[in-house]
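What follows is each chain in one-letter form.
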Amino acid sequence: MGLLGELLLLPLAPVRGTGWVLRQVVAEAERQYYDPSAVQRELSALAEQLDNGLIDEAEFDRREDELLDRLEEVQRRRAAPGGGPPPPPR
């Protein structure tokens with residue numbers, strides 16, 4: 001893009017910068033959300049909560065299923081061609 005185009009788009013620079021920042025934040029959040037070691041730590045903490053009587057068996061089962069689904073998604077995405085980070089949950 002030429003100098004004139006850059007000058008015309010200059011007022012949009014903060015918006016473009018904000019968009020870049022938001023993309024970076026989302027990418028980092030996805031990386032942390034799907035980090036296998038983080039999921040395993042959450043599973044350990046969940047088991048400890050059950051052992052200490054802080055949650056009941058039904059709550060443990062529900063949350064454990066969610067965490068195991070995350071681990072399966074990580075493995076599935078890593079095995080897929082491209083191996084990129086999975087999309088955020090809906």
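See the structure printed just above.
Rules used throughout
- Residues numbered from 1 in each chain as written.
- Predicted model: local features only at pLDDT ≥ 70, side-chain atom pairs only at ≥ 80, totals over all residues.
- Heavy atoms only, no water.
- Helix = DSSP H or I, 4+ residues; strand = E, 2+ residues; numbered from the N terminus.
- Buried < 20%, exposed > 50% of the residue type's maximum accessible area, 1.4 Å probe, protein only.
- Expected span 1.5 Å × (residues − 1).
- Arc of directions from axis to C-beta.
- Contact = heavy atoms within 4.5 Å.
- Salt bridge = Lys/Arg side-chain N within 4 Å of Asp/Glu carboxyl O.
- Phe/Tyr/Trp six-rings, centres within 6.5 Å; stacked < 30°, edge-to-face > 60°.
- Lys NZ or Arg CZ within 6 Å of the ring centre and 35° of its normal.
- Core = buried A, V, L, I, M, F, W, Y, C linked by side-chain atoms within 4.5 Å.

Trainee: So what's going on with the side chain of Arg-70? Residues and values would help.
Mentor: Assignment of secondary structure puts Arg-70 in helix 4 (residues 57-79). A residue is classified by how much of its surface remains accessible, and Arg-70, at 10% relative accessible area, is buried.

Trainee: So, helix 3 (residues 36-51): which residues are in play, and what are the values?
Mentor: With 16 residues, helix 3 extends 23 Å from end C-alpha to end C-alpha; this agrees with the ideal 22 Å at 1.5 Å per step. Among all positions in helix 3, only Pro-36, Ala-38, Val-39, Leu-43 and Leu-46 are buried. Angularly, the buried residues of helix 3 cover 160° about the axis, an arc narrow enough to put them on a single face. For helix 3, the exposed residues set more than 90 degrees away from the buried face come down to Arg-41, Glu-48 and Asp-51. Buried positions along helix 3 lie against helix 2 (13-33) and helix 4. One or two residues past the end of helix 3 sits Gly-53, with phi positive at roughly 75°.

Trainee: Give me the pattern of salt bridges: which residues, what numbers.
Mentor: The full count for this structure, using the stated rule, is seven salt bridges. A salt bridge links Arg-77 to Glu-73; the nearest nitrogen and oxygen atoms lie 2.8 Å apart. Of the two residues, Arg-77 and Glu-73 are both situated in helix 4; the distance of four residues between them amounts to about one turn of the helix. Counted as one network, the salt bridges with shared partners bring together Glu-59, Arg-62, Arg-63 and Glu-66.

Trainee: Outline the packing of aromatic side chains, listing residues and values.
Mentor: In total, this model carries one aromatic pair according to the counting rule given. Geometrically, the ring pair formed by Tyr-33 and Tyr-34 is edge-to-face, given 4.8 Å between the ring centres and 85° between the ring planes. For Tyr-33, a relative accessible area of 31% puts it in the partly exposed group. If you follow Arg-70 out to its NZ or CZ, it ends over the ring of Tyr-33, 3.9 Å from the centre.

Trainee: I'd love a proper account of the nonpolar core, names of residues and values included.
Mentor: Counting seven residues, the largest nonpolar core consists of Val-39, Leu-43, Leu-46, Ile-55, Phe-60, Leu-67 and Leu-71. Of all the secondary-structure elements, those providing two or more residues to this core are helix 3 and helix 4. Leu-46 has contacts with Ile-55, Phe-60, Arg-63, Glu-64 and Leu-67, leaving out every residue within four places of it along the chain.

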